[in-house]
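# Coordinate inspection notes
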Number of protein chains: 2
Amino acid sequence: MDGMLVIISGPSGSGKGTVVKQLRPEDGYALSISVTTRKPREGETDGRDYFFTSEENFHKMREEHDLLEHAVYVGNYYGTPRKYVEEQIQKGKIVVLEIEVYGALQVKEKFPSAVLIFLMPPTLPELAARLTKRGTEDAVTIEARLKKTLEEVPLIDSYNYVVINDVIPDAVAKIDAIVLAERMKPFRAVEKIKQFTDSQKEIIC
Amino acid sequence: MDGMLVIISGPSGSGKGTVVKQLRPEDGYALSISVTTRKPREGETDGRDYFFTSEENFHKMREEHDLLEHAVYVGNYYGTPRKYVEEQIQKGKIVVLEIEVYGALQVKEKFPSAVLIFLMPPTLPELAARLTKRGTEDAVTIEARLKKTLEEVPLIDSYNYVVINDVIPDAVAKIDAIVLAERMKPFRAVEKIKQFTDSQKEIIC
């Protein structure tokens, strides 16, 4: 099967994490692994949870364009290593990258064949309810998040697909359909088309 | 649901007709109806099998750009009426047009939002076997068809999708997935995105 990079993006509270967890590895999905300068926590394994690296090496990777995107969070650097993504695609994997909206657009620019999916909560009141239920943020922060979400909506035009995340299994089924359809794009089906053309050797002498 | 025009095209013997017959009306599929100058045969109903019309009116439609494509066959004119296709799409239907390769490209040019699917037999020997089994054509004609098929393959690049028609139900499922994915393209999801943006009225006063 042909591999590809699928970016699951969308506003905070759209359910990216939950949906990504439901994509089945037996269907060929494999999570992208971030490189970070943060120290490993107990139980974390290099090459499974993260690729742990030095600040020096991180900046070297960035300079050598080996990061599809990068960001700083609480004094540590995080990035998406291009090489790992490409290796997994070569193996036929559907590499899944879960990332916020601006990071996603950054990756798409550096990796144009990536399939960019905007996960959207059904309505803003529903999004507000989800964020409130989560209980990790106060009312002011939630209002700021809703405002940010509205600012992100016009960016949907730069995405390949928009999936309304109403019911989780439906959203997962929609992503499966997107992957199936993308595999039938002519530029991804080059090998199959070649096999067809080559099959003339079996009949025309 | 949002309607769209889906063009099922491909070489003779690719199984276009068989696949199109399996697309379920309950899933929203509706066949495109051709306009023709041919006289109705017994049992044929105007507006169901064909739109029957005069040569004069046919040429008028062509001049007024109301035909997405047209062709002559055994002295009669046949064409795809734009108005009917647009009306069905307005109703939310997935209008299915089964047509040969050059006709398909003609339609795509006049109707850019159409989803162009190239149905391809798995191999040329398989295509040869299908055409032979059909028993309507002699060996010379079949060889000419195979040659024509090979000429059509490079045109796949102008298509949106290529579906290998190996097993009929699989091909149907792939077309269903394409339609589902296409419905999530941002330009087709404008109404849903607007509903989301409008939902702010429910919480922000």
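Here is a short report on the structure shown in this document. (Residues numbered from 1 in each chain as written. Chains lettered and ligands numbered in written order. Predicted model: local features only at pLDDT ≥ 70, side-chain atom pairs only at ≥ 80, totals over all residues. Heavy atoms only, no water.)

## Digging into the relation of the copies chain A and chain B
Rotating chain A by 180° and moving it 0.0 Å along the rotation axis overlays it on chain B with an RMSD of 0.0 Å. Taken together, the turn and the small shift mark the pair as related by a two-fold rotation axis. For chain A, the smallest separation between a C-alpha atom and the rotation axis is recorded for Ala177(A), amounting to 2.4 Å. Here 100% of the interface residues in chain A have copies in chain B that are interface residues too; the copies meet face to matching face. (Least-squares fit on C-alpha atoms with pLDDT ≥ 70 in both. Contact = heavy atoms within 4.5 Å.)

## Quick word on unusual backbone geometry
If a residue is not glycine, its phi is most likely negative; likewise, a peptide bond is most likely trans. All names here are of chain A. Its identity as a non-glycine residue notwithstanding, histidine 65 has a phi of 60°, on the positive side. Within the secondary structure, histidine 65 is located in the loop between helix H2 (55–63) and strand E5 (67–73). For histidine 65, a relative accessible area of 59% corresponds to the exposed category. Backbone geometry places valine 74, a non-glycine residue, at a positive phi of 45°. The residue valine 74 is located in the loop between E5 and strand E6 (76–81) in this model. You can call valine 74 exposed: its relative accessible area is 70%. (Helix = DSSP H or I, 4+ residues; strand = E, 2+ residues; numbered from the N terminus. Buried < 20%, exposed > 50% of the residue type's maximum accessible area, 1.4 Å probe, protein only.)

## So, the sheet that holds strand E1 (residues 4–9) of chain A
Residues and elements named next belong to chain A. Strand order in this open sheet of 5 strands is E2-E7-E1-E8-E9, and the pairing throughout is parallel. If you trace the sheet from one side to the other, it starts and ends with strand E2 (29–31) and strand E9 (161–164), each paired once. Here the average twist between neighbouring strands, direction ignored, is 30°. Note that E2 and strand E7 (residues 94–99) share 3 bridges and pair parallel. Bridging across to E7, leucine 31 finds its partner in valine 96. Relative to the sheet, helix H7 (residues 168–182) contacts E1, E2, E7, strand E8 (115–120) and E9, its axis offset from that of E9 by approximately 160°. (Pairing = 2+ DSSP bridges. Axes fitted to C-alpha atoms, helices over the stretch in contact; angles between N-to-C directions.)

## Details of the side chain of Thr149(B)
Considering the arrangement of structural elements, one finds Thr149(B) in helix H6 (residues 139–152). On the accessibility criterion, Thr149(B) (3% relative accessible area) is buried. Thr149(B) has contacts with Phe196(A), Pro11(B), Leu124(B) and Leu127(B), leaving out every residue within four places of it along the chain.

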